[in-house]
Amino acid sequence: MRYIFLSTIFSVVFAYEKDMTFTVQAGKQDCFYQKVLPNEIIDLEYQVIDASHGELDISFQLSDPVGMIIVADYKKPENAHRHTSVLEGDYRFCFDNTFSTFSEKTVFFDLMIDNEDSQSKDYDDDKEMELGNAAETYVMRVRDISESVTRVKDNVSAAKRLQESLSAHEARDRNLAEDMCDRVLKWSIVHIVFMSLIGIFQVYFVRSLFEDSSRSYKKFVPHL
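What counts and how
- Residues numbered from 1 in each chain as written.
- Predicted model: local features only at pLDDT ≥ 70, side-chain atom pairs only at ≥ 80, totals over all residues.
- Heavy atoms only, no water.
- Helix = DSSP H or I, 4+ residues; strand = E, 2+ residues; numbered from the N terminus.
- Buried < 20%, exposed > 50% of the residue type's maximum accessible area, 1.4 Å probe, protein only.
- Lys, Arg positive; Asp, Glu negative; His and termini not counted.
- Salt bridge = Lys/Arg side-chain N within 4 Å of Asp/Glu carboxyl O.
- Polar contact = N/O pair within 3.5 Å; in protein donor to acceptor, adjacent residues only side chain to side chain.
- Contact = heavy atoms within 4.5 Å.
- Pairing = 2+ DSSP bridges.
- UniProt positions renumbered as here; feature names shortened; annotations may be inferred.
- Axes fitted to C-alpha atoms, helices over the stretch in contact; angles between N-to-C directions.

## Looking at the side chain of Asp-64
Here is step 1: By the secondary structure assignment, Asp-64 is in the loop between strand E4 (58-63) and strand E5 (69-76).
Here is step 2: Buried Asp-64, no salt bridge; nearest opposite-charge side chain is Arg-92, N-O distance 8.6 Å.
Here is step 3: In terms of polar contacts, Asp-64 uses its side chain to reach the backbone amide nitrogen of Met-68, at 2.7 Å.
Here is step 4: Residues within four places of Asp-64 in sequence aside, it is in contact with Ile-70, Leu-87, Asp-90 and Tyr-91.

## Quick word on the pairing of strand E7 (residues 89-96)
Here is step 1: Of all 8 residues that make up E7, 6 are buried, and the element is covered over most of its length.
Here is step 2: Bridge count for strand E2 (residues 29-36) against E7 is 8 bridges, and the pairing is antiparallel. What sits directly across from Gln-34, in E7, is Tyr-91.
Here is step 3: Pairing geometry for E4 and E7, over 5 bridges, is antiparallel.

## Overview of the pattern of salt bridges
Once their charged atoms are close, side chains differing in charge can pair, the charge on each being opposite to the other.
Here is step 1: A full pass over the atoms with the stated rule returns 5 salt bridges.
Here is step 2: For the salt bridge of Asp-43 with Arg-82, the shortest nitrogen-to-oxygen distance reads 3.0 Å. Linking Asp-43 in strand E3 (residues 40-51) with Arg-82 in strand E6 (residues 78-84), this pair joins segments that are 39 residues apart in sequence.
Here is step 3: We classify Arg-82 as exposed; its relative accessible area is 58%.
Here is step 4: In this structure, Lys-186 and Asp-182 form a salt bridge, with 3.3 Å as the shortest nitrogen-oxygen distance. One end of the pair is Lys-186 and the other is Asp-182, both in helix H3 (residues 142-209) and 4 residues apart, which spans about a single turn.
Here is step 5: Residue classification places Lys-186 among the exposed positions, given a relative accessible area of 52%.
Here is step 6: Note on Asp-182: relative accessible area 34%, which makes it partly exposed.

## Side note on unusual backbone geometry
Here is step 1: Unusually for a residue other than glycine, Asn-39 sits at a positive phi of about 65 degrees.
Here is step 2: Although it is not a glycine, Lys-75 adopts a positive phi angle of roughly 55 degrees.
Here is step 3: Relative to the elements of secondary structure, Lys-75 occurs in strand E5.
Here is step 4: On the basis of relative accessible area, Lys-75 is assigned to the partly exposed category, the value being 36%.

## Focus on the UniProt feature "transmembrane region" (unreviewed entry) in the protein chain
Here is step 1: Summarizing the sequence annotation, UniProt attributes the feature "transmembrane region" (unreviewed entry) to residues 189-210 in the numbering used throughout.
Here is step 2: Regarding residues 189-210, the helix share stands at 95% and the strand share at 0%, and the terminal C-alpha atoms are separated by 33 Å.

## Some points on the environment of Asp-43
Here is step 1: Of the residues examined, Asp-43 reaches a relative accessible area of 14% and is grouped as buried.
Here is step 2: Placed 68 residues apart in sequence, Asp-43 and Leu-111 show a C-alpha to C-alpha distance of 5.9 Å.
Here is step 3: Within the structure, Asp-43 has its side chain in polar contact with the side chain of Arg-82 (distance 3.0 Å).

## Considering the sheet that holds E2
Here is step 1: In spatial order, the strands read E2-E7-E4-E5; together these 4 strands make up an open sheet with antiparallel pairing. Every interior strand has two partners, whereas the edge strands, E2 and E5, have only one. On average, adjacent strands in this sheet sit at an angle of 10 degrees to one another, irrespective of strand direction.

Below is the structure:
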């Protein structure tokens, strides 16, 4: 009896959740498919965390099983969408980088499929379940426990998604900082080399002013 009770409680709080980080090549489009039942909530959040060249942006489309576009974004760095499904079938999530010629994009997305029935499942107020054995008996209300477990699940899920979002933001900022540092380093090397060449040329030129006129470099200093 105890196992039946636990399965009844936890069957209403489990939801499908998946997060992924992947790379979309320049001029390509990557699509993912997820089976969704009617009246399920599709909650998706994505973010571009790195790009080999150019801006941190991507185009996105969400389509239903018959191919109708539900939402569409064009060249956005990040966004979040929430949609309640009507049809049963495979919903398509596409990340489009065809507008980029050279820049490949690293994208992070988090997908959660939840059943809104789990938030509003009804139980009779007087429905009680008896646990334990003949020596020890406990009476517990299914509704109170299911609401408590659901609330804990929602809070944990929200905390997890927030941590994943902050981690994606941190990865994007780190990539930007590393890219900026790499650019500064390369330009610094170019300037150092250029300044060194100018310094060597100036020293050689000044020395030539005090050398014998027979020296070959005096050809570049007329009337001396």
